[in-house]
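# Secondary and tertiary structure notes
Chain by chain, the residues run as shown.
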Amino acid sequence: MAASPSAAFSPSPPPASRKLEPRAGCTTESPLVRRLLIAVALGFIGLVLLLPLAAVFAQAFKRGAEVYFAALNEPDALSAIRLTLLTALIVVPLNTIFGIAAAWCLTKFAFRGKQWLITLIDLPFSVSPIIAGFLFILLFGAHGWFGSWLAAHDVQIVFALPGIVLATLFVTFPFVARELVPIMQAQGTLEEEAAATLGAKGWTMFRRITLPNIKWGLLYGIMICNARAMGEFGAVSVVSGHIRGETNTLPLHVEILYNEYQFSAAFASASLLVALALFTLAAKQWLERTRA
C-alpha cells in the first residue's frame, strides 16, 4: 500500500538521543572581569545618579517635614507649581497631536523632502535651549520682528504664558514623534492597505489598526515629553523674565531660592522635580513589563 503524500512530506521526529547543545556565550571574559565591569557600572551609576538624588531629598528634609511642607505652601512656590502644570497641560497634548501626525506622514507616505522633515524634527536636539529662547525674543520681543505689531495690538508673548508655552513646545516637540516613527516603520502598511481594500476610511484605520499597535510607544513618548516640559529650564529662563509669582516655573523658582541661600526651600521644590523623574522611570518600567 502506497504512503499518502502528506505522510511522505511530513517531517520525521528527531532522534531521542539528539540533544540541543547550549549556545556559546557572546563574550569570553573571565567571571572576574565580568564582575569588575558590573561593579564599575554600578559604582558610576551610584556616584553620578543615585547619590545626588538621595542628597536632594536629604537636604530637603534636613530641617524637618514642617519646614519642607511650609516651603511648598508659600505663594511663590504654589504659583510656580501651577504655572508648570499649566504649561505641561498645554504643551503635551499639542506635542501628542503633532507627533502622531508627523509619524503617520513619515511612515505611511512617500514624498519629496521627507529627509528634510526628519531633520527639522530633530533640530531641537541640536539647538541649545538658551538659543531657542533667544529666537523667540528675536521674534516676539519688544524690539523683535513682530514686537511693534504685538505692542500695537496689546498682545504679549514673551515674559508671559504664551512665550513659556512656545519655548517649551520648541524644546519638547521631537519626543513623541521620534518615539513613534520606529514603531510605525516596523509596523509597515500592509494592515492599512488590507483595511482600505475592505472599505475602511482613514480615521477608522487609525483607530482600529494603527493606534492599538502604537499605544505603548505613544504612552512612553507622552511621559518623556511631560517630564521634559516640567523640567525645562534654559529656554523658559530666557522668555519668562523671572517675574516672581507670575512667570517663574518650578525650575526657575528653585534657581531663585538657591541664589538667595534659601537652601531648604530650594531643595524642597527640587525634590518635586526629582519625584517626577522617579515616577517617569517607574512608569517606563511598568509599561515595558506590560508590553512584554
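What you see is a predicted model; the values in this text were computed from it and never measured.

A few words on the overall build of the protein. Counting secondary structure elements, the protein contains 14 helices and zero strands. Ordered by position in the sequence, the α and β elements of the protein form the string α-α-α-α-α-α-α-α-α-α-α-α-α-α. Over its C-alpha atoms the protein spans a radius of gyration of 27 Å, topping by over 25% the 19 Å that the globule rule assigns to 292 residues. Taking the principal axes of the C-alpha coordinates as reference, the protein spans close to 95 × 55 × 30 Å. Burial analysis of the protein (292 residues in total) assigns 34% to the buried set. Partitioning the contacts of the protein with sequence separation of at least 6, the portion at a separation of at least 24 is 71%.

Attention now goes to the UniProt feature "transmembrane region" (unreviewed entry) in the protein. On the UniProt side, "transmembrane region" (unreviewed entry) is annotated at positions that read residues 36-61, 81-104, 116-145, 157-177, 217-243 and 263-283 here. Helix makes up 96% of residues 36-61 and strand 0%. Its end C-alpha atoms lie 35 Å apart. Between the end C-alpha atoms of residues 157-177 the distance is 26 Å, and the span holds 76% helix and 0% strand.

So, on to the packing of aromatic side chains. Summed over all chains, the structure comprises eleven aromatic pairs. Between Tyr 68 and Phe 69 the ring centres are 5.1 Å apart and the planes differ by 90°, which places this aromatic pair in the edge-to-face class. Tyr 68 sits in the buried class, given a relative accessible area of 8%. Take Phe 69: its relative accessible area is 47%, and that puts it in the partly exposed class. With centroids separated by 6.5 Å and ring planes inclined at 75°, the aromatic side chains of Trp 216 and Trp 286 adopt a geometry described as edge-to-face. You can see Trp 216 sitting in helix α11 (residues 202-231) and its partner Trp 286 sitting in helix α14 (residues 263-291), a full 70 residues away along the chain. Judged by relative accessible area, which is 23%, Trp 216 ranks as partly exposed. For Trp 286, a relative accessible area of 48% puts it in the partly exposed group. Three or more aromatic residues joined by ring pairs make a cluster, and in this case those are Phe 98, Phe 136, Phe 140, Phe 146, Phe 170 and Phe 173. Lys 108 extends its terminal NZ or CZ atom over the ring of Trp 104, reaching a point 6.0 Å from the ring centre.

This next bit is on a nonpolar patch on the surface. Residues Ile 38, Leu 42, Phe 44, Ile 45, Leu 47, Val 48, Leu 49, Leu 50 and Leu 51 make up a contiguous nonpolar surface patch of about 920 Å² in total accessible area. Tracing the backbone shows Leu 47 in helix α2 (residues 31-60). Of the residues examined, Leu 47 reaches a relative accessible area of 58% and is grouped as exposed.

With the rule as written, the count across this model stands at four salt bridges. If you follow the salt bridges from partner to partner, you end up with Asp 76, Arg 244 and Glu 260 in one network.

This paragraph deals with α2. Along its 30 residues, α2 runs 41 Å from first to last C-alpha, staying within 8% of the 44 Å computed at 1.5 Å per residue. In α2, a bend of some 40° at Gly 46 exceeds every other bend along the element.

Core analysis: the biggest nonpolar cluster contains 19 residues, and Leu 180 and Met 184 have the highest contact counts within it. Secondary structure elements with two or more residues in this core: α4 (75-108), α5 (114-126), α9 (174-187) and α11. If sequence neighbours within four positions are ignored, Met 184 has contacts with Ala 103, Trp 104, Thr 107, Lys 108, Thr 210 and Ile 214. Ala 132, Ala 167, Ala 235 and Leu 252 belong to the second largest nonpolar core, which has eleven residues in total.

What follows concerns unusual backbone geometry. Of note, the phi angle at Asp 154 is positive, near 55°, even though the residue is not glycine. Tracing the sequence through the fold places Asp 154 in the loop between α7 (147-152) and α8 (161-172). Note on Asp 154: relative accessible area 72%, which makes it exposed. Although it is not a glycine, His 242 adopts a positive phi angle of roughly 55°. Topologically, His 242 is positioned in the loop between α12 (234-240) and α13 (250-259). Take His 242: its relative accessible area is 30%, and that puts it in the partly exposed class.

The rules behind the values
Residues numbered from 1 in each chain as written. Predicted model: local features only at pLDDT ≥ 70, side-chain atom pairs only at ≥ 80, totals over all residues. Heavy atoms only, no water. Helix = DSSP H or I, 4+ residues; strand = E, 2+ residues; numbered from the N terminus. Rg over C-alpha atoms; globule rule 2.2 N^0.38 Å. Buried < 20%, exposed > 50% of the residue type's maximum accessible area, 1.4 Å probe, protein only. Contact = heavy atoms within 4.5 Å. UniProt positions renumbered as here; feature names shortened; annotations may be inferred. Phe/Tyr/Trp six-rings, centres within 6.5 Å; stacked < 30°, edge-to-face > 60°. Lys NZ or Arg CZ within 6 Å of the ring centre and 35° of its normal. Patch = residues over 30% accessible without salt bridge, like charges linked within 9 Å, V, L, I, M, F, W, Y side chains within 5 Å. Areas by Shrake-Rupley, 256 points an atom, 1.4 Å probe, with all protein chains shown as cover. Salt bridge = Lys/Arg side-chain N within 4 Å of Asp/Glu carboxyl O. Expected span 1.5 Å × (residues − 1). Bend = angle between axes of the 7 residues up to and from the residue. Core = buried A, V, L, I, M, F, W, Y, C linked by side-chain atoms within 4.5 Å.

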